[in-house]
Amino acid sequence: MTPPPTQPAASRAEAEPAVVPRLATDALTAWYGSTSGVRDVTLACRENTVTALIGPSGCGKSTLLRSLNRMHELVPGTRVTGRVLLDGYDIYERDVNPIQVRRRIGMVFQRPTPFPTMTIAENVSAGLAIGPRVSRTERADIVEHALKRAALWDEVKDRLDDSPLELSGGQQQRLCVARTVAPEPEVILLDEPTAALDPGGAAHIEELVQELKREFTVVIVTHNLQQAARVSDYTAFFYLGELVEVGATTKIFTTPTKPQTEAYITGRFG
Amino acid sequence: MHGRLIRRLFGSVMTGATYGAAVLAILPLAIILAMLLVKGAGSLDWNFFTKSAVPVGEAGGGFAHAIVGTLIIVGLACAVGVPIGVAVGIFLAEFGGGQLGFVIRFIADVLNGVPSIVIGIFAWTWLVKPMGHFSALAGGVALGMILVPILARTTEEMVRLVPNSLREAALALGYQRWRTSLQVVVRSATAGIVTGVLVAVARVAGETAPLLFTALGNQFFSTRVQGPMAALPLQVYAYALGPYDEWHRQAWAGALVLIMLVLVLSLVARAVVRGKRQHA
């Protein structure tokens, strides 16, 4: 594995001592056959922060997100060039096992996807099946801890053996979050996690994101500008497959430097 | 106004026509069931289910040997055909995107169209002839060979129906492909797969041609799989062609039992689906 690189100052959101960011990309390009979904992205996410990826439909933000945990390559005909650095180590190196990568970088999808043939408790502990063996009591503790962190424990603690399909959409999504955090990943990727939820459910998830950043590094793709402004510390604006601007959320939303960013933020397109 | 009336009338006529078509489709089934009940129900006595064939002219014979024979032969067919067919179906759905999948699918479709008597001849050539005698084993294998392509296609359809988002969620957790396929995808498709199996078994239980020169049939009660064995469709065939009224009576009853078997299997298949849906 390559040793951690020194960080070029230009790609950081603000000047600071050279700390290896939790997650970073270096000239990342994700290809669909011969066209690129997202090009030459260099981005860094510091530990315990929330970075929002925003941009109009088709700008490549979801493609980028899926490249961060090596999900992009699961589609036939796709590939990724460039590097993605987790704690300074390139996850696309030849000898890296993508499965190990996905255990350290978790993902929550747009539609809640509880496993229908498992109970609520089994869903939460689904990620543990592939790690080291845990005893029954340990498993129950992990499930409880994960559900508490997902702010779902109080609502399901009496029905852990029920089917997850009886839960509401918002609860199912929180269940998916619990399932993602149970194996203790380092980074959590959220792909428009509230797009399929009602406002109440969405609000719950947004509160959750703020809680999650205490323990994890979060990257969230969102269509909802107000949501990005509410939950994130840093925001990256994408347009037509390119990273246009990245910076602290307050700065991006009040004094963006690029005209396209300003046009998007003020709703002139997208 | 006039046009509106005509449109409404045309709509009613077409709706009526579709109802009529549905009735027309169900009619033959209803007639068959009614006929079998009328002709066969009377002969369904205790002897029918517990006694085997008796010498011609004597009363009190039954189809016990045929019923047990069918159960054994169909059991053998399942042991052979279900694991292979379901496994191929899972393979096609999960890993069958490329050339190999295309070829397998094509072969399965062709096999699905092969007349069952040809399957029987095949089993005769490769099992009966080398073994030197007819056997229930050969009959079971022949029926199993009919099961495999049917189950491969229905299983593939059912596994395909599992939404891709479920696969992605499992892969994103760090599941390997095999674990995703087996523990998440196939588990979700189990109800559908079981239904497919039950329906295919019901169909195969009534196949006569492949058994003609494999299991052959047997006048006596036998559970020896290496030897010839009676089966419901064979026995119905033999008795129906015979000259005795007693035999004809029993043939009707045998046909009724066969269709009852199909009915029961189909109902169980539905119950499985409904049970899973309620649980889900």
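Being a predicted model, the structure only gives us computed values, none of them experimental.

**Brief notes about helix α4 (residues 136-149) of chain A**
Because each turn of an α-helix spans 3.6 residues, side chains separated by three or four positions in sequence point in the same direction.
All names here are of chain A.
Here's step 1: When the terminal C-alpha atoms of α4 are compared, their 20 Å separation across 14 residues agrees well with the 20 Å that a helix rising 1.5 Å per residue should span.
Here's step 2: For α4, every residue scored as buried is listed here: Ile142, Val143, Ala146, Leu147 and Arg149. Buried residues of α4, viewed axially, fall in a sector of 160 degrees; they line one side. Among the exposed residues of α4, those oriented more than 90 degrees off its buried face are Thr137 and Asp141.

**Some words on the environment of Pro243 of chain B**
Residue and element names in this part refer to chain B.
Here's step 1: You can see Pro243 is positioned in the loop between α10 (232-241) and α11 (245-279).
Here's step 2: Residue class for Pro243 comes out exposed when judged on the 7 C-beta atoms lying within 10 Å of it.
Here's step 3: For the pair Pro243 and Leu143, spaced 100 residues apart in sequence, the C-alpha separation works out to 30 Å.

**A closer look at the interface of chain B and chain A**
Here's step 1: Taken together, the 15 residues of chain B in the interface contact 19 residues of chain A.
Here's step 2: Listed by contribution, the elements that provide at least two residues to the side of chain B that touches chain A are α7 (164-172) and α8 (177-205) of chain B.
Here's step 3: Considering every element that reaches the side of chain B that touches chain A, the biggest residue donor is α7 of chain B, with six residues.
Here's step 4: Looking at the side of chain B that touches chain A residue by residue, the classes come out as eight nonpolar, five polar and two charged.

**Examining the domain arrangement of chain B**
Residues and elements named next belong to chain B.
Here's step 1: As assigned here, chain B comprises domain 1 (2-43) and domain 2 (48-279).
Here's step 2: In this structure, domain 1 and domain 2 have C-alpha centres spaced 31 Å apart.
Here's step 3: Tallied by class, residues from the side of domain 1 that touches domain 2 come to four nonpolar, two polar and one charged.

**Observations regarding helix α3 (residues 64-95) of chain B**
Here's step 1: With 32 residues, α3 of chain B ought to run about 46 Å at 1.5 Å a step, and its terminal C-alpha atoms sit 45 Å apart, in line with that.
Here's step 2: Where α3 of chain B bends most, the angle comes to about 30 degrees, and this point is Gly81 of chain B, followed within four residues by the proline Pro83 of chain B.

**A short note on the pairing of strand β7 (residues 187-191) of chain A**
Residues and elements named next belong to chain A.
Here's step 1: Burial analysis of β7 places five of its five residues in the buried class, the great majority of the element.
Here's step 2: What you see with β7 is no split at all: Val187, Leu189 and Asp191 on one side and Ile188 and Leu190 on the other are buried throughout.
Here's step 3: Summarising the sheet, strand β6 (residues 105-108) and β7 pair through four bridges and their orientation is parallel. Each residue of the ladder has a partner; that of Ile105, found in β7, is Val187.
Here's step 4: Pairing analysis gives five bridges linking β7 to strand β8 (residues 217-221), with the strands arranged parallel. In the strand pairing of β8, Val187 is matched with Thr217.
Here's step 5: For the handedness criterion, the β-α-β arrangement of β7, helix α7 (residues 199-212) and β8 is classed as right-handed.

**Let's talk about the nonpolar core**
Here's step 1: Counting residues in each nonpolar core, the largest one holds 148 residues, and the members touching the most others are Ala178 of chain A together with Ile73, Leu147 and Ala215 of chain B.
Here's step 2: If you tally residues by element for this core, the top one is helix α6 (residues 136-160) of chain B, at 15 residues.
Here's step 3: Once you skip the residues sitting within four places of it in the chain, Ile73 of chain B turns out to touch Ala136, Gly139, Gly140, Leu143, Ala215, Met229 and Ala231 of chain B.

**Examining the environment of Val156 of chain A**
Residue and element names in this part refer to chain A.
Here's step 1: For Val156, the position within the fold is in helix α5 (residues 153-156).
Here's step 2: Judged by local crowding, Val156 falls into the buried class, with 22 C-beta atoms found within 10 Å.
Here's step 3: Sequence spacing of Val156 and Ala140 is 16 residues, and the spatial spacing of their C-alpha atoms is 13 Å.
Here's step 4: Other than its neighbours up to four places away in sequence, Val156 contacts Ile120 and Leu147.

What counts, and where the lines are drawn
- Residues numbered from 1 in each chain as written.
- Chains lettered and ligands numbered in written order.
- Predicted model: local features only at pLDDT ≥ 70, side-chain atom pairs only at ≥ 80, totals over all residues.
- Helix = DSSP H or I, 4+ residues; strand = E, 2+ residues; numbered from the N terminus.
- Expected span 1.5 Å × (residues − 1).
- Buried ≥ 20, exposed ≤ 12 C-beta atoms within 10 Å, placed from the backbone.
- Arc of directions from axis to C-beta.
- Contact = placed C-beta atoms within 7 Å.
- Nonpolar A, V, L, I, M, F, W, Y, C, P; charged D, E, K, R; others polar.
- Domains from an automatic or database assignment.
- Bend = angle between axes of the 7 residues up to and from the residue.
- Pairing = 2+ DSSP bridges.
- Right-handed = clockwise from strand over helix to strand, strands pointing away.
- Core = buried A, V, L, I, M, F, W, Y, C linked by C-beta atoms within 7 Å.

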